[in-house]
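Chain by chain, the residues run as shown.
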Amino acid sequence: MPRHVAIIMDGNGRWAKARRLPRLAGHKQGAEAVRRTVRAAGEMGLEALTLYAFSSENWRRPATEIADLMGLLRSYIRAELRELDRNNVRLVIIGDYVRLDRDLVAMLEDARRQTAGNDGLTLAIALNYGSQDEMVRVVRAIAEEARAGRLDPAAIDCEAIEARLDTAVLPPLDLLIRTSGEQRLSNFLLWQAAYAELLFVDTLWPDFDGAALASAIESFAGRMRRYGGL
Ligand code: FPP
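Residues numbered from 1 in each chain as written. Predicted model: local features only at pLDDT ≥ 70, side-chain atom pairs only at ≥ 80, totals over all residues. Heavy atoms only, no water.

Caption draft 1: View of the overall build of the protein. From N to C terminus, the protein includes seven helices and six strands. The C-alpha atoms of the protein give a radius of gyration of 18 Å, which matches the 17 Å a tight globule of 230 residues would have. Sorting the 230 residues of the protein into buried and exposed places 48% on the buried side. Residue pairs at least 24 apart in sequence account for 79% of intrachain contacts in the protein once pairs closer than 6 positions are excluded. Put simply, the protein shows about 11900 Å² of open surface, and 50% of that area lies on carbon and sulfur atoms. Averaging the positions of the 31 positive and the 32 negative side-chain charges in the protein gives two centres separated by 5 Å. (Helix = DSSP H or I, 4+ residues; strand = E, 2+ residues; numbered from the N terminus. Rg over C-alpha atoms; globule rule 2.2 N^0.38 Å. Buried < 20%, exposed > 50% of the residue type's maximum accessible area, 1.4 Å probe, protein only. Contact = heavy atoms within 4.5 Å. Areas by Shrake-Rupley, 256 points an atom, 1.4 Å probe, with all protein chains shown as cover. Lys, Arg positive; Asp, Glu negative; His and termini not counted. Charge placed at Lys NZ, Arg CZ, Asp CG, Glu CD.)

Below, the structure is given as structure tokens:
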């Protein structure tokens, strides 16, 4: 059983296009898939699930689509927070999320505070997240500490970097899934994926569910992880 699974939720647009529906319809079904998958992950006893909801590059999309995605995120938090809390889920946000709309930032921080004491599934939602941006923020923080004399450059090692990543509160990443048949990491968890198993599935994100997650975990269980050893 993996401890930490991350998912690049891809294919909402293609799901909608195949049905001659607006892209928003695909994102709405994508939000339903988030609900199903989070519930299933909790029931399976997974420790952490990280979902790539909005990348630092997604700002290049049309303003209307960005507003739709933020709207769906607002409704998800509004509608699901009580259930997440009841199911002992702890919500974590990774990425430079403080750059989102003020009301959304406040809502996310409230949700995080409210669920901080839960010790079931940790649900990490990646918002305005880009792995390279995360590493730049870490390097800046380390440089500031070194300049202030609080950190000896000779003491900078992998642990020092990991402790400053947005994911520091999460267990090591075991399995990274991307839906919709694309085989790219798209600036997601590049450091964290160093020893993760990668799984690319053809399912479009709006069709993803607990059974798809279970089947991904089953394929993970069949892999041999050697971490560079024999
Ligand atoms: C990729 O599909 C999906 C996204 C960029 C956004 C993911 C957002 C959601 C699943 C909904 C809201 C999130 C939460 C946490 C409630 P795409 O639009 O790139 O699809 P395409 O490649 O087929 O065009």
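Caption draft 2: Representation of the pattern of salt bridges in the model. A full pass over the atoms with the stated rule returns 22 salt bridges. Arg23 is paired through a salt bridge with Glu65; the nearest N and O atoms lie 2.7 Å apart. Here Arg23, found in helix H2 (residues 23-44), pairs with Glu65, found in helix H3 (residues 63-86); they are 42 residues apart in sequence, far enough to count as distant. What makes Arg23 partly exposed here is its relative accessible area of 38%. Exposure remark for Glu65: the relative accessible area of 9% places this residue in the buried category. What you see here is one network of salt bridges that share partners, running through Asp10, Arg14, Arg178, Glu182 and Arg184. (Salt bridge = Lys/Arg side-chain N within 4 Å of Asp/Glu carboxyl O.)

Caption draft 3: Examining the pairing of strand S3 (residues 90-94) more closely. Burial within S3 is extensive, with four of its five residues counted as buried. Sheet analysis places S3 next to strand S4 (residues 122-129), joined by five bridges and oriented parallel. Looking across to S4, one finds that Ile94 is bridged to Ala126. Of the crossover connections in this fold, the one passing from S3 over helix H4 (residues 102-115) to the parallel S4 is left-handed. (Pairing = 2+ DSSP bridges. Right-handed = clockwise from strand over helix to strand, strands pointing away.)

Caption draft 4: Seen up close, the side chain of Ser131. Turning to its location among the elements, Ser131 is positioned in helix H5 (residues 131-147). Of note is the side chain of Ser131, whose polar atom sits 2.8 Å from the backbone nitrogen of Leu190. Residue contacts for Ser131: discarding those within four places in its chain leaves Asn187, Phe188, Leu189, Leu190, Trp191 and Gln192. (Polar contact = N/O pair within 3.5 Å; in protein donor to acceptor, adjacent residues only side chain to side chain.)

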